[in-house]
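Working through the structure, step by step
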Amino acid sequence: MDANDPIQSPESGAGRPALLRGWRLVAILAAAAILALALFGRSGKKGADKNPAGGRPVPVVAAQARLGDMPVSLTGLGTVTALNTVTVKSRVDGQLVRVAFTEGQMVGQGQLLAEIDPRPFQVQLMQAEGQLAKDRAAYQNTLADLKRLQGLVEQGIVSRQQLDTQNSSVAQYEATLKADQAQVESARLNLTYSRITAPISGRVGLRQVDAGNMVRASDANGLAVIAPIQPINVVFSVPADSIQKVLGQTAKGGKLPVEAWDRDLKTRLATGSLAAIDNQVDPTTGTVRLKALFTNDDRSLFPNQFVNARLLVDTLRRVVIVPTAAVQSSPQGAFVYVVKADGTADMRAVEVLATDGDETALKQGLAGGETVITDGLDKLRPGSKIALPKPPAAKG
């Protein structure tokens, strides 16, 4: 044989067992991989069938449905308005010599607010009183002459014409006395107007004129503005579609309660009652304006303040109440996710009766005491395993 024949080469005979061992190892590893994939796929399929949302439980937040009474309210953005606002102005012209109020002060009706220099009006009063005294003396003299002429006419000494003339003179002086008296009263009134008093009770605003300036009755801004805040009104709007509910409740008698809340609807500011309903619908907004009256004892409401007004129109008795966040919508209708005893989520179709802020009343589909999911709903599917937050550990 040829020495170069590979079959007969000693080196090739020595490497053949190693090559066979290598192929055997590769075959074993491949079989192990196939077996592992088969086992993993089988277990993964069982896990997917058990939790459709994935292998891990879905973290959610839940709340318990309760059976109780729920108020039905209409909420609208409102503005706090004073019952009547008065701009305090001077009725006479003159120099402002004194300001007797503090800005933002609560004042009472008739309280002194400012004073105008009274001396010009005192002089006018003295002049009017002097003219009245002068004309009164002339009237007395004319009246005495009339009495003398009456006696002479009876004796035939003077003619009847002279008596008639004297009677006319007496009547003229009587009219003059009335005019003089009117001048006196006018001067006294102007002297009274030199003391500016509060026409109503309320909170006085910022001062518009400082002492020492000339003020006139024709000034547009006036001295200050007074706005009463006890009681006070809130004017708000509700949808025109809901006005029949309001009218139906007012027809039964009694006053509907109204609550004033802050902008975030977290803090209740005051409680009042419905006072008036507008007589027409605003065509631009499709709403009707309402007015509520508040006593405002704690002065929590301020004129021109924006508040949220909540008008109570009805109360639903013995209904199932859930958080509004738990109610979801679909083309088939409203539904909620209910926590089952095995820790999975179950989709439940419900019928909504009414919604009031953060609470919703259900007509059917859920019973009181059941637990509904309020957060984490976007990752849920029917049958999903859920994980509820653990309650905080008690201290001590």
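Residues numbered from 1 in each chain as written. Predicted model: local features only at pLDDT ≥ 70, side-chain atom pairs only at ≥ 80, totals over all residues. Heavy atoms only, no water.

1. Digging into the overall build of the protein chain
- The secondary structure content of the protein chain amounts to four helices and 23 strands.
- Summing over all exposed atoms, the protein chain offers an accessible surface of approximately 24700 Å²; the carbon and sulfur share of this is 53%. (Helix = DSSP H or I, 4+ residues; strand = E, 2+ residues; numbered from the N terminus. Areas by Shrake-Rupley, 256 points an atom, 1.4 Å probe, with all protein chains shown as cover.)

2. Re helix 2 (residues 119-155)
- Compared with an ideal rise of 1.5 Å per residue, which puts 37 residues at 54 Å, helix 2 spans 55 Å between its outermost C-alpha atoms and is within 8% of the ideal.
- Three or more residues of helix 2 are buried, namely Phe121, Leu125, Ala128, Leu132, Asp135, Tyr139, Thr142, Leu146, Leu149 and Val153.
- Looking at the buried positions of helix 2, the neighbouring elements they touch are strand 7 (112-116) and helix 3 (160-193). (Expected span 1.5 Å × (residues − 1). Buried < 20%, exposed > 50% of the residue type's maximum accessible area, 1.4 Å probe, protein only. Contact = heavy atoms within 4.5 Å.)

3. Details of the sheet that holds strand 8 (residues 195-197)
- Taken in spatial order, the four strands of this open sheet run 8-7-5-10, and their pairing is antiparallel. With one partner strand each, in any of the chains shown, strand 8 and strand 10 (214-215) form the two edges of the open sheet.
- Across two bridges, the pairing between strand 5 (residues 94-99) and strand 10 is antiparallel. Across the sheet, the residue bridging to Gln95 is Met214, located in strand 10. (Pairing = 2+ DSSP bridges.)

4. What about the pattern of salt bridges?
- According to the stated counting rule, one finds ten salt bridges in the structure shown.
- Ionic pairing is found between Glu359 and Arg66, a salt bridge with its closest N-O pair at 2.9 Å. One end of the pair, Glu359, is in strand 21 (residues 359-364); the other, Arg66, is in strand 3 (residues 66-81), with 293 residues separating them in the sequence.
- Arg188 is the partner of Glu185 in a salt bridge, and the nearest nitrogen-oxygen pair spans 3.4 Å. Of this pair, Glu185 and Arg188 both sit in helix 3, three residues apart, which is roughly one turn of that helix.
- Connected via shared salt-bridge partners are Glu129, Glu185 and Arg188. (Salt bridge = Lys/Arg side-chain N within 4 Å of Asp/Glu carboxyl O.)

5. Concerning the nonpolar core
- Core analysis: the largest hydrophobic core is formed by 30 residues, its most contacted members being Phe236, Phe294, Leu301 and Leu311.
- Mapped onto this core, the elements with two or more residues apiece are strand 3, strand 12 (232-239), helix 4 (243-251), strand 13 (257-261), strand 14 (268-277), strand 15 (287-294) and strand 16 (306-323).
- Per-element accounting of this core gives the leading share, seven residues, to strand 16.
- Once residues lying within four places of it in the same chain are set aside, the contact partners of Phe294 are Pro231, Ile232, Val234, Val258, Glu259, Ala260, Ala270, Thr271, Gly272 and Leu301.
- In this structure, Phe121, Val204, Val209 and Ile226 belong to the second largest nonpolar core, which totals 18 residues. (Core = buried A, V, L, I, M, F, W, Y, C linked by side-chain atoms within 4.5 Å.)

6. Quick look at the sheet that holds strand 11 (residues 224-227)
- The four strands lie next to each other as 4-11-9-6, forming an open sheet whose pairing is antiparallel. Edge positions in the open sheet fall to strand 4 (86-88) and strand 6 (106-107), since each of these has one partner strand only.

7. Considerations on the side chain of Asp356
- Tracing the sequence through the fold places Asp356 in strand 20 (residues 351-356).
- What Asp356 contacts, discounting residues up to four positions off in sequence, is Met70, Pro71, Ser73 and Arg310.

8. Re the packing of aromatic side chains
- Applying the stated criterion to the full structure yields one aromatic pair.
- Seen in terms of ring centroids, Phe335 and Tyr337 are 5.8 Å apart; in terms of plane orientation they differ by 90°. Their pairing is edge-to-face.
- With a relative accessible area of 5%, Tyr337 lands in the buried category.
- The ring centre of Trp261 lies 5.5 Å from the NZ or CZ of Arg310, which sits over that ring. (Phe/Tyr/Trp six-rings, centres within 6.5 Å; stacked < 30°, edge-to-face > 60°. Lys NZ or Arg CZ within 6 Å of the ring centre and 35° of its normal.)

9. Concerning the environment of Ala354
- Structurally, Ala354 is set in strand 20.
- Among the residues examined, Ala354 registers a relative accessible area of 15% and is labelled buried.
- Distance in space between the C-alpha atoms of Ala354 and Pro71 is 9.4 Å, their sequence separation being 283 residues.
- If we skip the residues at most four places from it in the chain, Ala354 touches Met70, Val72, Leu316, Thr360 and Ala361.

10. Observations concerning the packing of helix 2 against helix 3
- Where helix 2 meets helix 3, the closest approach of the two axes is 8 Å, and the angle between their N-to-C directions is 165°. Considered as vectors, helix 2 and helix 3 are oriented roughly antiparallel to each other. Considering the relative orientation of helix 2 and helix 3, their crossing is left-handed.
- Class assignment of the residues belonging to the contact of helix 2 with helix 3 gives a composition of 17 nonpolar, 13 polar and eight charged. (Axes fitted to C-alpha atoms, helices over the stretch in contact; angles between N-to-C directions. Parallel < 35°, antiparallel > 145°, perpendicular 65-115°, else oblique. Left-handed = near helix turned anticlockwise from the far one by under 90°. Nonpolar A, V, L, I, M, F, W, Y, C, P; charged D, E, K, R; others polar.)

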